[in-house]
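# Analysis of the macromolecular model
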Amino acid sequence: VEVKIEVVIPEKERSKEEMSPNGRASPLIYKVNGTARHYHLEEHPMASNPYHNPKDVVEASVCHVKDLENGQMREVDLGCGKALLIKESGEFHAVGHKCPHYGAPLVKGVLSKGRVRCPWHGACFNISTGDIEDFPGLDSLPRFQVKIEKEKVYIRASKQALQTQRRTKMMAKCISLNNYNLSSTNVLIIGAGAAGLVCAETLRQEGFSDRIVMCTMDRHLPYDRPKLSKSMDSHPEQIALRPKEFFCTYDIEVLTEMQVAAVDIKNKTAVFKDGFKMEYNKLLIATGNTPKALSCKGKEVENVFNIRTPEDANRVVKLATSKNVVIVGASFLGMEVAAYLTERAHSVSLVELEEVPFKKFFGEKVGRAVMKV
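Residues numbered from 1 in each chain as written. Predicted model: local features only at pLDDT ≥ 70, side-chain atom pairs only at ≥ 80, totals over all residues. Heavy atoms only, no water.

## Here's the deal with the sheet that holds strand 7 (residues 124-126)
Put simply, the rule reads: Should DSSP find at least two bridges between two strands, the strands are taken to pair. Secondary structure elements follow DSSP: runs of H or I no shorter than four residues count as helices, runs of E no shorter than two count as strands, and numbering proceeds from the N terminus. With axes taken as lines fitted to C-alpha atoms, and helix axes fitted only over the stretch in contact, angles between N-to-C directions fall between 0 and 180 degrees.
Across the sheet, four strands lie side by side as 5-6-7-8; this open sheet has antiparallel pairing. Pairing within the sheet leaves two strands with one partner each, and these edge strands are strand 5 (110-112) and strand 8 (132-134). Taken pair by pair, the neighbouring strands of this sheet meet at an average axis angle of 30 degrees, ignoring direction. Note: strand 5 against strand 6 (residues 115-117), three bridges, orientation antiparallel. Note that in strand 6 the partner of Ser-112 across the bridge is Arg-115.

Below you can see the structure in the form of structure tokens.
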């Protein structure tokens with residue numbers, strides 16, 4: 001006989017909880033996780049009536065049933081926000097109209113076999129549940145109720161969901177860490193970029209309730225590194241993939257400024273640069289890539305920079321203002337940096353091996369059009 005016990009803690013009592021045993025044991029983990037809680041609380045599935053507060057709900061007639069053919073999508077306005085209305089196989093579905101990744105309009109995406117794919121970066125969402133099924137992106141879409149009355153299509157939605165346009169999938173929490181050793185973990189993730197974070201989140205979404213530790217050479221919690229070339233004067237908090245509170249809530253421990261020097265596969269032990277050792281049961285190496293450095297003479301002079309961290313990007317913007325800037329490489333990153341610095345620098349020049357940029361990806365015609373811009 002299996003007995004399941006759920007513990008639900010009232011909000012007013014949660015502030016009185018003691019700091020997690022893990023938080024007390026490790027100043028490194030405490031620095032990031034704060035007062036993380038280690039209760040195993042199952043998330044409740046969506047009820048038949050998910051709208052508990054009537055004031056938070058809006059219902060609107062959006063079209064006639066014959067206005068949409070099978071395989072068509074339409075962006076509809078509910079007064080306080082928009083939704084994406086979809087008709088497939090004779091059934092109507094309504095989800096958030098923006099991709100939670102970078103806010104792309106999903107109505108311009110591709111609808112196929114019960115899924116809609118983002119037109120910008122290819123994130124894929126299930127139209128029945130709103131769940132994300134392919135990355136990039138971390139969050140799912142909010143799903144709204146659809147009903148048909150007198151040949152008219154109505155959508156009932158939460159105002160908050162309409163405004164946020166995103167939904168985090170249900171996640172488990174960690175069991176008590178009282179018996180855990182600081183120098184051991186069930187899952188160790190080396191690297192704290194998007195791939196490492198998605199791994200940790202997916203484990204929690206699938207009900208994994210054991211210890212998860214991420215470690216990174218960076219000084220910040222996981223952030224959206226591709227944005228460094230798009231918005232170069234951003235602060236780490238502005239491009240964070242998840243807020244600090246998220247890691248506390250779901251007990252995903254992040255060790256910052258910690259470099260792994262070696263991994264002993266046989267004994268399942270990671271050795272850090274400062275000599276600290278951590279045992280693991282499962283290991284994910286998700287360290288990503290590093291910028292390709294110049295190999296020519298003069299690469300070490302003071303005004304030559306690579307961009308890898310927010311500090312790197314911020315420094316380049318500051319030093320490039322009203323100066324002559326040379327960018328080596330007309331790839332996506334080089335072009336994004338050039339576009340961002342155009343209005344700040346005195347001049348921007350690009351140096352590239354190919355005759356035109358993007359020739360390999362888009363061909364010469366598109367490349368020359370980009371050069372004109």
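## Let's talk about the pairing of strand 13 (residues 252-255)
This is how it is decided: Exposure categories follow from relative accessible area, calculated using a 1.4 Å probe and restricted to protein chains: below 20% of the type maximum is buried, above 50% is exposed, and the middle band is partly exposed. A crossover counts as right-handed when, viewed with the strands pointing away from the observer, the path leading from the first strand over the helix to the second turns clockwise.
Here strand 13 shows two buried faces, one formed by Ile-252 and Val-254 and the other by Glu-253 and Leu-255. Pairing analysis gives four bridges linking strand 12 (residues 212-215) to strand 13, with the strands arranged parallel. Bridge pairing in strand 13 links Met-214 to Val-254. After leaving strand 12, the chain enters helix 6 (residues 244-249) and then returns to the sheet as strand 13, a path that is right-handed.

## As for unusual backbone geometry
Here Phe-135 and Pro-136 are connected by a cis peptide whose omega angle stands at 15 degrees. Along the chain, Pro-136 turns up in the loop between strand 8 and strand 9 (143-149). A positive phi angle, close to 60 degrees, is found at Gln-165, a residue other than glycine. Tracing the backbone shows Gln-165 in the loop between helix 4 (159-164) and strand 11 (184-190). Although it is not a glycine, Ser-322 adopts a positive phi angle of roughly 65 degrees. The exposure class of Ser-322 is exposed, given its relative accessible area of 54%.

## Brief notes about the sheet that holds strand 16 (residues 277-285)
Strands sit in the order 13-12-11-16-15-14 across an open sheet of six strands; the sheet is mixed. Here the strands that pair on one side only, and so sit at the sheet edges, are strand 13 and strand 14 (260-264). Put simply, the sheet's adjacent strands are angled 40 degrees from each other on average, direction ignored. Of the pairings in the sheet, the one linking strand 15 (residues 269-272) to strand 16 comprises three bridges and is antiparallel in character. Paired with Val-271 across the two strands is Lys-277, which belongs to strand 16.

## As for the nonpolar core
Short version of the rule: The nonpolar core is taken to be a set of buried Ala, Val, Leu, Ile, Met, Phe, Trp, Tyr and Cys residues, with the residues joined through side-chain atoms within 4.5 Å. Any pair of residues with heavy atoms lying within 4.5 Å of one another is described as a contacting pair.
One finds Val-62, Leu-78, Leu-85, Phe-144 and Ile-155 to be the most contacted residues of the largest nonpolar core, which totals 18 residues. Top element by residues in this core is strand 1 (residues 57-64). It accounts for four residues. With residues near it in sequence (within four places) discarded, Val-62 still touches Val-76, Leu-78, Leu-85, Val-153 and Ile-155. By size, the runner-up hydrophobic cluster in this structure holds 17 residues, among which are Leu-138, Leu-197, Phe-246 and Val-254.

## Structural notes on helix 5 (residues 194-205)
Going by this rule: In a helix, the anticipated span is given by 1.5 Å times the number of residues less one.
Taking 1.5 Å of rise per residue, the 12 residues of helix 5 would be expected to cover 16 Å, and the 16 Å separating its terminal C-alpha atoms lies within 8% of that figure. Within helix 5, burial applies to Gly-196, Leu-197, Val-198, Ala-200, Glu-201 and Arg-204. Tucked inside the fold, the buried residues of helix 5 contact strand 11, strand 12, helix 6, strand 13 and strand 16. Of the residues one or two after helix 5, Gly-207 is the one with positive phi, at around 95 degrees.

## Structural notes on the environment of Val-304
With respect to the helices, strands and loops of the structure, Val-304 is situated in the loop between strand 16 and helix 7 (310-320). Taking C-alpha positions, Val-304 is 9.7 Å from Ile-327, a pair spaced 23 residues apart along the chain. Not counting chain neighbours up to four residues away, the residues in contact with Val-304 comprise Leu-294, Gly-298 and Lys-299.

## Examining helix 7
The condition that has to hold: This arc is taken over the directions from the axis of the helix to the C-beta atoms.
When we look at burial in helix 7, the residues that qualify are Pro-310, Asp-312, Ala-313, Val-316, Val-317 and Ala-320. What you see down the axis of helix 7 is that its buried residues fit within an arc of 165 degrees, all on one side. With its phi angle positive at about 65 degrees, Ser-322 sits one or two positions after the end of helix 7.

## Structural notes on the confidence of the model for the protein chain
Formally: For every residue, the predictor assigns a confidence score, pLDDT, that lies between 0 and 100.
On average, residues of the protein chain score 84 in pLDDT, and 84% of them are at 70 or above. Overall, residues 10-49 carries pLDDT values under 50, and its contacts beyond four positions in sequence, including any with other chains, amount to 77 contacts.

## Digging into the side chain of Thr-269
Selection criterion: In the analysis that follows, any N or O atom pair within 3.5 Å is treated as a polar contact, provided that within protein one partner can donate a hydrogen and the other can accept it, and provided that, for residues neighboring in sequence, both atoms belong to side chains.
One can find Thr-269 in strand 15. From its side chain, Thr-269 meets the backbone oxygen of Asn-267 in a polar contact 3.1 Å long. Leaving out residues up to four positions away in the same chain, Thr-269 has contacts with Ala-262, Val-263, Asp-264, Lys-277, Met-278, Glu-279 and Tyr-280.

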